[in-house]
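Read off the chains here:
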Amino acid sequence: MKITITLIDKLIRLRNGETLPASQLRGDWVDELLREGILINTSHGSRRTLRAPHPETLCSALPAIDERLNDLEQMRLTLMSEDVSRAEQAAISGNSKLLAVRSCPGFPVNSYQAINCRLHEQEFVVNPQEGSFLFVADWHDFSIPDDVIVVGIENMENFRLIRQQRHLFEQTIANKRLLFVSRYPQSSDLVTWLKQIPNNYVHFGDFDLAGINIFLSEFYAHLGERSSFLVPSDIEKRLSQGSRDRYENQYRRFNSLKSDIPTLQRLINLINKHHRCYDQEGYIAY
């Protein structure tokens with residue numbers, strides 16, 4: 001049963017003694033209430049309406065159908081809230097899972113050098129010990145120095161092992177402080193945060209058509225020229241030894257992929273030239 005503000009408003013109207021067009025309230029649970037006489041379906045020519053002859057009986061019956069309907073006004077407030085926690089839901093009803101709530105918003109961050117950031121207007125140094133990384137949950141209040149470049153890493157193994165790719169980053173993004181981020185768990189939090197900060201963004205993903213499409217549609221579309229795709233100097237050599245099967249699996253969907261970014265179009269051309277893809281994990285030095 002999908003609980004919406006519109007549905008709650010209709011039930012409140014019925015509880016208050018009003019009538020509703022029968023077409024506005026449908027479902028097996030409505031049929032059950034009609035069979036039990038809790039709701040009455042009345043004909044007015046070609047129109048039919050619903051009403052609750054005894055509103056208190058309706059109020060008693062609704063929680064048996066769905067416990068979220070125990071307190072209609074409170075449920076309406078809960079639905080209207082943009083950020084209601086599981087704790088608040090439990091306080092309202094004893095059930096922390098009334099609504100789908102992301103218990104862990106935010107995104108992971110990593111760095112191989114100390115970066116003095118700000119979280120809730122307090123100094124927050126990002127400098128995880130090797131073998132660990134940090135997770136920023138309150139990302140709305142997370143800020144970084146303007147000269148830091150944000151590097152988004154698609155695959156978690158690459159994200160965890162940034163020190164083993166340091167040579168690649170220093171070669172392609174020289175003389176810059178880098179903050180590494182991941183968009184996992186999958187959500188829009190990362191790109192929303194990137195949109196609210198002025199920093200440049202570099203995307204490091206798989207060297208295939210699907211990976212380029214992710215960058216173009218999910219990052220470049222929002223960040224424009226502040227964003228770029230990391231292209232190593234030896235990528236053609238690696239592509240020549242890459243996966244032909246995955247290229248062929250992706251080609252039907254992405255065969256018309258193009259970009260107005262010259263470096264990215266050259267990468268697309270190389271992928272199509274060799275008919276191969278290359279995974280970013282290949283750049284981890286063991």
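Predicted model only: the values in this text are computed from it and were never measured.

Draft legend 1. Region of the structure containing helix α1 (residues 5-15). When α1 is considered as a whole, its buried residues turn out to be Leu7, Ile8, Lys10, Leu11, Ile12 and Leu14. Buried-residue contacts for α1 involve β1 (20-21), α2 (28-35), β3 (47-51), α3 (55-65) and α4 (72-80). A positive backbone phi angle near 95 degrees is found at Gly17, which sits one or two residues after α1.

Draft legend 2. Region of interest: unusual backbone geometry. A positive phi angle, close to 55 degrees, is found at Asn175, a residue other than glycine. Mapping Asn175 onto the fold places it in the loop between α7 (166-172) and β10 (178-181). One non-glycine residue, His275, lies in positive phi territory at about 55 degrees. The residue His275 is located in the segment after α12 (262-274) in this model. Its relative accessible area of 36% is what places His275 among the partly exposed residues.

Draft legend 3. Main features of the sheet that holds strand β7 (residues 134-136). With mixed pairing, the six strands of this open sheet are ordered in space as β7-β4-β10-β9-β11-β12. For this open sheet the edge positions go to β7 and β12 (227-229), each flanked by a neighbour on one side alone. Across the sheet, the axes of successive neighbouring strands diverge by a mean angle of 30 degrees, strand direction being ignored. In the sheet, strand β11 (residues 201-204) pairs with β12 via three bridges, with the strands oriented parallel. Within β12, the position partnered with Val202 by the bridge is Ser228. Contacts from helix α9 (residues 209-223) reach β11 and β12 within the one sheet, and its direction differs from that of β12 by about 170 degrees.

Draft legend 4. Representation of the packing of helix α8 (residues 189-196) against α9 within the structure. Put simply, α8 and α9 touch, their axes get as near as 10 Å, and they point 20 degrees apart. Classified by the angle between their axes, α8 and α9 sit roughly parallel to one another. Judged by the twist between their axes, the crossing of α8 over α9 is right-handed. Taking contact as the criterion, the partners of Leu190, Val191, Leu194 and Lys195 in α8 are, on α9, Glu218, Phe219, His222 and Leu223. Tallied by class, the residues present in the contact of α8 with α9 amount to five nonpolar, one polar and two charged.

Draft legend 5. Spatial organisation of α9. Helix length check: α9 (15 residues) gives 20 Å between terminal C-alpha atoms against 21 Å at 1.5 Å per residue, within 8%. Burial in α9 covers these residues: Leu209, Ala210, Gly211, Ile212, Ile214, Phe215, Leu216, Phe219 and Leu223. Next to the buried residues of α9 lie α8, β11, β12, α11 (244-254) and α12. Remark: Gly224 follows α9 within two positions and exhibits a positive phi of approximately 60 degrees.

Draft legend 6. Molecular detail of the sheet that holds β1. Here we have three strands laid out as an open sheet, ordered β1-β3-β2, and antiparallel in their pairing. Strands with a single pairing partner mark the edges of an open sheet, and in this sheet they are β1 and β2 (40-44). Sheet topology note: the β2/β3 ladder contains five bridges and is antiparallel. Bridge assignment links Thr42 to a residue of β3, and that residue is Thr49.

Draft legend 7. Geometry of the pairing of strand β6 (residues 122-126). Here five bridges tie strand β5 (residues 115-119) to β6, and the two strands are oriented antiparallel to one another. From the neighbouring strand, Ile115 faces β6, where its bridge partner is Val126. With antiparallel pairing between neighbouring strands as the criterion, β5 and β6 make up a hairpin whose turn holds two residues, including His120 at a positive phi of roughly 55 degrees.

Draft legend 8. A look at the packing of aromatic side chains. Going through the model one piece at a time under the given rule, you end up with 15 aromatic pairs. Measuring from ring centre to ring centre gives 5.2 Å for Phe107 and Trp193, while their planes differ by 45 degrees; the resulting arrangement is tilted. On the criterion of sequence distance, the pair formed by Phe107 in strand β4 (residues 107-110) and Trp193 in helix α8 is long-range, its members being 86 residues apart. Comparing Phe107 with Trp193, the two get one shared label, buried. Aromatic rings pair up to connect Tyr112, Phe169, Phe180, Phe204, Phe207, Phe215, Tyr220, Phe229, Tyr278 and Tyr283 into one cluster.

Draft legend 9. Structural detail: the pairing of strand β9 (residues 149-153). Burial analysis of β9 places five of its five residues in the buried class, which makes it a mostly covered element. Here β9 shows no split at all, with Ile149, Val151 and Ile153 on one side and Val150 and Gly152 on the other all buried. In this sheet, β10 lies alongside β9 in parallel orientation, the contact comprising four bridges. Residue pairing in the sheet places Val150 in a bridge with Leu179 of β10. Here β9 runs beside β11; their pairing, made up of four bridges, is parallel. Looking across to β11, one finds that Val151 is bridged to Val202.

Here is what the cut-offs are and how they apply
Residues numbered from 1 in each chain as written. Predicted model: local features only at pLDDT ≥ 70, side-chain atom pairs only at ≥ 80, totals over all residues. Heavy atoms only, no water. Buried < 20%, exposed > 50% of the residue type's maximum accessible area, 1.4 Å probe, protein only. Helix = DSSP H or I, 4+ residues; strand = E, 2+ residues; numbered from the N terminus. Contact = heavy atoms within 4.5 Å. Pairing = 2+ DSSP bridges. Axes fitted to C-alpha atoms, helices over the stretch in contact; angles between N-to-C directions. Parallel < 35°, antiparallel > 145°, perpendicular 65-115°, else oblique. Left-handed = near helix turned anticlockwise from the far one by under 90°. Nonpolar A, V, L, I, M, F, W, Y, C, P; charged D, E, K, R; others polar. Expected span 1.5 Å × (residues − 1). Phe/Tyr/Trp six-rings, centres within 6.5 Å; stacked < 30°, edge-to-face > 60°.

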